[in-house]
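Observations on the three-dimensional arrangement
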Amino acid sequence: MKELEDIFNIKIDNPEYFRRALTHPSYTKENNLSYLENYERLEFLGDAVLKLAASDILYKKFPNYQEGDLSKIRSIVVSDNTLFKIASSIGLCDLIIVAHHEAKQGLAHIESVCACSFEAVLGAYYLDGKFKKLIPFLTEVLMPYIIDVDKNFEKFNAKALLQEYTQSLTKETPVYTLVSETGPDHNKTFTIEVSYSGKKISEGSGKTKKEAEQNAAYQACKILGVVNNG
């Protein structure tokens, strides 16, 4: 628990919540433990905690933005992709407890697992009575992403923009194909190509398939003139 306190800079009063928040379902299954001993229920709670905290931060950061604009930014900021980046950067993924075999496969560093555990920890802090103390921490880690999304929304929304454009032409949708994946399981780089009507438009790379798809879509949007090429 000391590592977790150091990461969040928030004292823990009830360690049991946090042990569960860091326990993957594979570990409880491997050891014949109750599902109540893993992070799934806390993840459910933490998801709501995160959205409330992010809404509070965005509401104060952008006093003149309409509800729709705030919702669009929030949806990206609280996505698994963003949470994975945050969890990795603060060292949270290294603390996740998984089954023996899955540990060898690098499961603790998979995007969805890190994101789920991050949310679960937020749920644990909520139950520990520390919601108000989470706001400064979340403001610090989320703000760079909030600013980036606000300035470069088209980049983060490229898949939706590309699909809207292609469907306006022929009702067909873009097709994303994995070209390659390199690196160890816990640190892969994916390359995805996007094609439309049977023709390749562009490709993009990223640390997750979703990120690679988004980058490929953004390049396609620039090539097709859907967004500014600058």
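Residues numbered from 1 in each chain as written. Predicted model: local features only at pLDDT ≥ 70, side-chain atom pairs only at ≥ 80, totals over all residues. Heavy atoms only, no water.

Details of the state of the cysteines
Linking two cysteines covalently through their sulfur atoms gives a disulfide. Evaluation of the coordinates by the stated rule reveals 1 disulfide. Sulfur-sulfur distance for the disulfide between Cys-93 and Cys-114 comes to 2.4 Å. Of the two residues, Cys-93 is situated in the loop between helix H6 (80-90) and helix H7 (100-104) and Cys-114 in helix H8 (residues 111-127); the sequence distance between them amounts to 21 residues. Residue Cys-116 stays outside any disulfide, its sulfur separated by 9.4 Å from that of Cys-114, the closest cysteine. (Disulfide = S-S within 2.5 Å. Helix = DSSP H or I, 4+ residues; strand = E, 2+ residues; numbered from the N terminus.)

Describing the environment of Lys-104
With respect to the secondary-structure elements, Lys-104 resides in helix H7. On the basis of relative accessibility, which here comes to 62%, the residue Lys-104 falls in the exposed class. Separated by 81 residues in the primary sequence, Lys-104 and Asp-185 place their C-alpha atoms 9.5 Å from one another. (Buried < 20%, exposed > 50% of the residue type's maximum accessible area, 1.4 Å probe, protein only.)

With respect to the environment of Thr-182
With respect to the secondary-structure elements, Thr-182 resides in strand S1 (residues 175-182). On the basis of relative accessible area, Thr-182 is assigned to the partly exposed category, the value being 46%. Taking C-alpha positions, Thr-182 is 9.8 Å from Lys-207, a pair spaced 25 residues apart along the chain. Setting aside residues up to four positions removed in sequence, Thr-182 forms contacts with Asn-187, Lys-188 and Thr-189. (Contact = heavy atoms within 4.5 Å.)

Observations regarding the pairing of strand S2 (residues 189-196)
Among the 8 residues in S2, 6 count as buried, and that is most of the element. With antiparallel pairing between neighbouring strands as the criterion, S1 and S2 make up a hairpin whose turn holds 6 residues, including Gly-183 at a positive phi of roughly 95 degrees. As paired strands, S2 and strand S3 (residues 199-206) are joined by 7 bridges and run antiparallel to one another. Among the inter-strand pairings, Tyr-196 is bridged to a residue of S3, identified as Lys-199. Counted between consecutive antiparallel strands, the loop separating S2 from S3 contains 2 residues, among which Ser-197 sits at a positive phi close to 55 degrees. (Pairing = 2+ DSSP bridges.)

Thoughts on the pattern of salt bridges
One pass over the structure, following the stated rule, counts 15 salt bridges. When the shortest N-O distance is used, the salt bridge between Glu-181 and Lys-188 registers 3.3 Å. Take Glu-181: its relative accessible area is 37%, and that puts it in the partly exposed class. (Salt bridge = Lys/Arg side-chain N within 4 Å of Asp/Glu carboxyl O.)

Some remarks on the nonpolar core
Of all hydrophobic cores here, the largest spans 50 residues; its most connected members are Phe-8, Phe-118, Val-121, Leu-138 and Leu-142. Top contributing element to this core by residue count: H8, with 10 residues. For Leu-142, the contacting residues outside a window of four places in its chain are Leu-50, Ala-54, Ile-57, Val-77 and Ile-86. Residues Ile-201, Tyr-218, Ala-220 and Val-227 belong to the second largest nonpolar core, which totals 12 residues. (Core = buried A, V, L, I, M, F, W, Y, C linked by side-chain atoms within 4.5 Å.)

Observations regarding the packing of aromatic side chains
In total, this model carries 6 aromatic pairs according to the counting rule given. With a centroid separation of 4.4 Å and 10 degrees between ring planes, the pair formed by Phe-62 and Tyr-65 is classed as stacked. Given the relative accessible area of 32%, Tyr-65 is considered partly exposed. Clustering of aromatic rings is evident, with ring pairs tying together Phe-8, Phe-18, Phe-118, Tyr-125 and Phe-137. Looking at Lys-159, its charged tip hangs above the ring of Tyr-176, at a distance of 4.8 Å from the centre. (Phe/Tyr/Trp six-rings, centres within 6.5 Å; stacked < 30°, edge-to-face > 60°. Lys NZ or Arg CZ within 6 Å of the ring centre and 35° of its normal.)

Brief notes about the packing of H6 against H8
Interhelical geometry of H6 versus H8 gives an angle of 80 degrees and a closest axis separation of 8 Å. Relative to H8, the element H6 is oriented roughly perpendicular. Where H6 approaches H8, its residues Asp-80, Asn-81, Leu-83, Phe-84, Ile-86, Ala-87 and Ile-90 are matched on the opposing element by Glu-111, Ser-112, Cys-114, Ala-115, Phe-118 and Glu-119. Each residue belonging to the contact of H6 with H8 can be placed in one class, and the counts come to 8 nonpolar, 2 polar and 3 charged. (Axes fitted to C-alpha atoms, helices over the stretch in contact; angles between N-to-C directions. Parallel < 35°, antiparallel > 145°, perpendicular 65-115°, else oblique. Nonpolar A, V, L, I, M, F, W, Y, C, P; charged D, E, K, R; others polar.)

Here's the deal with the side chain of Lys-188
Within the secondary structure layout, Lys-188 lies in the loop between S1 and S2. Side-chain polar atoms of Lys-188 contact the side chain of Glu-181, separated by 3.3 Å. Dropping the residues within four chain positions of it, Lys-188 is found in contact with Glu-181, Thr-182, Gly-183, Gly-206 and Lys-207. (Polar contact = N/O pair within 3.5 Å; in protein donor to acceptor, adjacent residues only side chain to side chain.)

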